[in-house]
Amino acid sequence: MKIVVTLNETYIYPLKVMLYSLFSTQEEPVTVILLHSDIRKEQVRELKAFCEFYGEKFSEVRIEGGLFEEAPVVRYFSKEMYYRLLCPWLLPEEDRVLYLDPDMIVNASLSSLYHMDLEGAALAAGRDRPIGMDHEKRLCLKKGTIYVNSGMLLMDLEKMREHGKEEIFELIKERRNELLFPDQDVINLFWKDNIKMVEDAYNFNSNILYFKEYLCTPFPKNMKKYACIIHYMGKDKPWNRGYMRGMYPYWARAEWKVNPSKRLLIAGRLLLEPCRFVYGLYMFWKNHNWKK
């Protein structure tokens, strides 16, 4: 199983937590492929040692830093997010990879996802559901188009190579002022008719705006069925102080193993779970469309 990650040094710590959750739940060998432009060599060596400690392989592809110099980078995003767009050409010897964001927790085997039949599609991804966002209108997509989240992407690299990478740069240049979620928008625009949808379980949004789903889902008994991958979307992250979004215990369980020196702090944060539950109820009440 080939797992691609793209990031800068800011996300190395959460990447280790995500990778631990991945390694501890998979039954087949994993190779982690890091795409980056400026992570220091000692940090790369540390990541390699981390993967090898758990018996998994690691490789890196260092990318020219100015490759996406003129591409828009807004809010809490970084230029490294664009690197996943070039996987077909940066990894010429690979035919299939699974891209994962570092702000995720893996709860179950991903073999069925990784080896699924893409039925001729270039990508497989899960839907994205931000509150109050009309992606069809914003990006002029045809009616009925499902906008996908780029945090988890199963890529058929051979199929993706049917287009030239120059076309991607041209699209970014042409529509740069419309890219609110930059690389994600590009994926939805460029491969809009060539994406296979997967279940929410493979990119389960931890955002408390979808609190009703968590109340109706039999956690934690059937976690593997309903949330194989938990994605901590948005600017609030579970490794930062003051996190009040959903599903913190699943992050805490993995971080507890990766960083024993932080266990006292993690235990204290776990005590706030009733507060997160109440806050989640409030946010659901505030954001729910009661007219439906």
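The structure this text deals with has already been given above.
Below is a summary of the structure that appears in this document. (Residues numbered from 1 in each chain as written. Predicted model: local features only at pLDDT ≥ 70, side-chain atom pairs only at ≥ 80, totals over all residues. Heavy atoms only, no water.)

## Examining helix α1 (residues 12-23)
- With twelve residues, α1 extends 16 Å from end C-alpha to end C-alpha; this agrees with the ideal 16 Å at 1.5 Å per step.
- Of all twelve residues making up α1, eleven are buried, and the element is well covered by its neighbours.
- Taken residue by residue, α1 has Ile12, Pro14, Leu15, Lys16, Val17, Met18, Leu19, Tyr20, Ser21, Leu22 and Phe23 as its buried positions.
- Looking at the packing, one finds that the buried side of α1 touches β1 (2-6), β2 (31-36), α2 (41-53), β4 (96-100), β5 (104-106) and α11 (248-258). (Helix = DSSP H or I, 4+ residues; strand = E, 2+ residues; numbered from the N terminus. Expected span 1.5 Å × (residues − 1). Buried < 20%, exposed > 50% of the residue type's maximum accessible area, 1.4 Å probe, protein only. Contact = heavy atoms within 4.5 Å.)

## A look at the pairing of β1
- Most of β1 sits inside the fold, with four of its five residues counted as buried.
- Taken together, the five bridges between β1 and β2 define a ladder with parallel strand orientation. Bridged to Ile3 within β2 is Val32.
- Each parallel crossover has a hand, and the one from β1 via α1 to β2 is right-handed.
- In the sheet, β1 pairs with β4 via two bridges, with the strands oriented parallel. (Pairing = 2+ DSSP bridges. Right-handed = clockwise from strand over helix to strand, strands pointing away.)

## A few points about a nonpolar patch on the surface
- A surface patch of nonpolar side chains, amounting to about 270 Å² of accessible area, comprises Phe277, Val278 and Leu281.
- In this fold, Leu281 is placed in helix α13 (residues 273-287).
- Classification of Leu281 as partly exposed rests on a relative accessible area of 35%. (Patch = residues over 30% accessible without salt bridge, like charges linked within 9 Å, V, L, I, M, F, W, Y side chains within 5 Å. Areas by Shrake-Rupley, 256 points an atom, 1.4 Å probe, with all protein chains shown as cover. Salt bridge = Lys/Arg side-chain N within 4 Å of Asp/Glu carboxyl O.)

## Points about the pattern of salt bridges
- For the structure on display, the rule yields 14 salt bridges.
- Here Arg84 ties to Asp101 by a salt bridge, and the two come within 3.6 Å at their closest N and O atoms. One end of the pair, Arg84, is in the loop between β3 (57-62) and α3 (87-90); the other, Asp101, is in the loop between β4 and β5, with 17 residues separating them in the sequence.
- The class of Asp101 is buried, set by a relative accessible area of 11%.
- Residue Asp103 pairs with Lys237 through a salt bridge whose shortest N-O separation is 2.5 Å. Residue Asp103 is found in the loop between β4 and β5, and its partner Lys237 is found in the loop between β10 (229-231) and α11; the two are separated by 134 residues along the sequence.
- Take Lys237: its relative accessible area is 6%, and that puts it in the buried class.
- Through salt bridges that share partners, Glu9, Arg40 and Glu42 make up one connected network.

## Some remarks on unusual backbone geometry
- Residue Glu119 is not a glycine yet carries a positive backbone phi of 55°.
- Mapped onto the elements of the fold, Glu119 is located in the loop between α4 (111-114) and β6 (123-127).
- For Glu119, a relative accessible area of 62% puts it in the exposed group.
- Backbone geometry places Met247, a non-glycine residue, at a positive phi of 60°.
- In this structure, Met247 sits in the loop between β10 and α11.

## A word on the packing of helix α7 (residues 165-175) against helix α8 (residues 182-190)
- Running from N to C, α7 and α8 point in directions that differ by 115°, and their axes come no closer than 11 Å. When the axes of α7 and α8 are compared, the pair comes out roughly perpendicular. Along this stretch, α7 crosses α8, giving a crossing that reads as right-handed. Residue-level contacts link Glu167, Ile168, Leu171, Ile172 and Arg175 of α7 to Val186, Leu189 and Phe190 of α8. (Axes fitted to C-alpha atoms, helices over the stretch in contact; angles between N-to-C directions. Parallel < 35°, antiparallel > 145°, perpendicular 65-115°, else oblique. Left-handed = near helix turned anticlockwise from the far one by under 90°.)

## Considering the sheet that holds β6
- Ordered by their spatial adjacency, seven strands build an open sheet running β3-β2-β1-β4-β7-β6-β8, and the pairing between neighbours is mixed. Looking at the sheet topology across the chains shown, the edges are occupied by β3 and β8 (195-197). Strand after strand, the sheet turns through a mean of 30° between neighbouring axes, direction not considered.
- As paired elements, β4 and strand β7 (residues 148-156) share five bridges and run antiparallel to each other. Across the sheet, the residue bridging to Leu98 is Leu154, located in β7.

## Here's the deal with the sheet that holds β10
- Reading across the sheet, the three strands line up as β5-β10-β9 and stay open at both edges, with mixed pairing between neighbours. The two strands at the open ends of the sheet, each matched to only one other strand, are β5 and β9 (204-205).
- Here β9 runs beside β10; their pairing, made up of two bridges, is parallel. The partner of Phe204 across the bridge, within β10, is Ile230.

## Comments concerning the side chain of Arg276
- Among the secondary structure elements, Arg276 is positioned in helix α13.
- For Arg276, a relative accessible area of 4% puts it in the buried group.
- There is a polar contact of 3.0 Å between the side chain of Arg276 and the backbone oxygen of Tyr243.
- Within the structure, the side chain of Arg276 is placed 2.7 Å from the side chain of Glu273, a separation counted as a polar contact.
- Excluding residues within four positions of it along the chain, Arg276 makes contact with Tyr243, Met244, Arg245, Tyr248 and Arg269. (Polar contact = N/O pair within 3.5 Å; in protein donor to acceptor, adjacent residues only side chain to side chain.)

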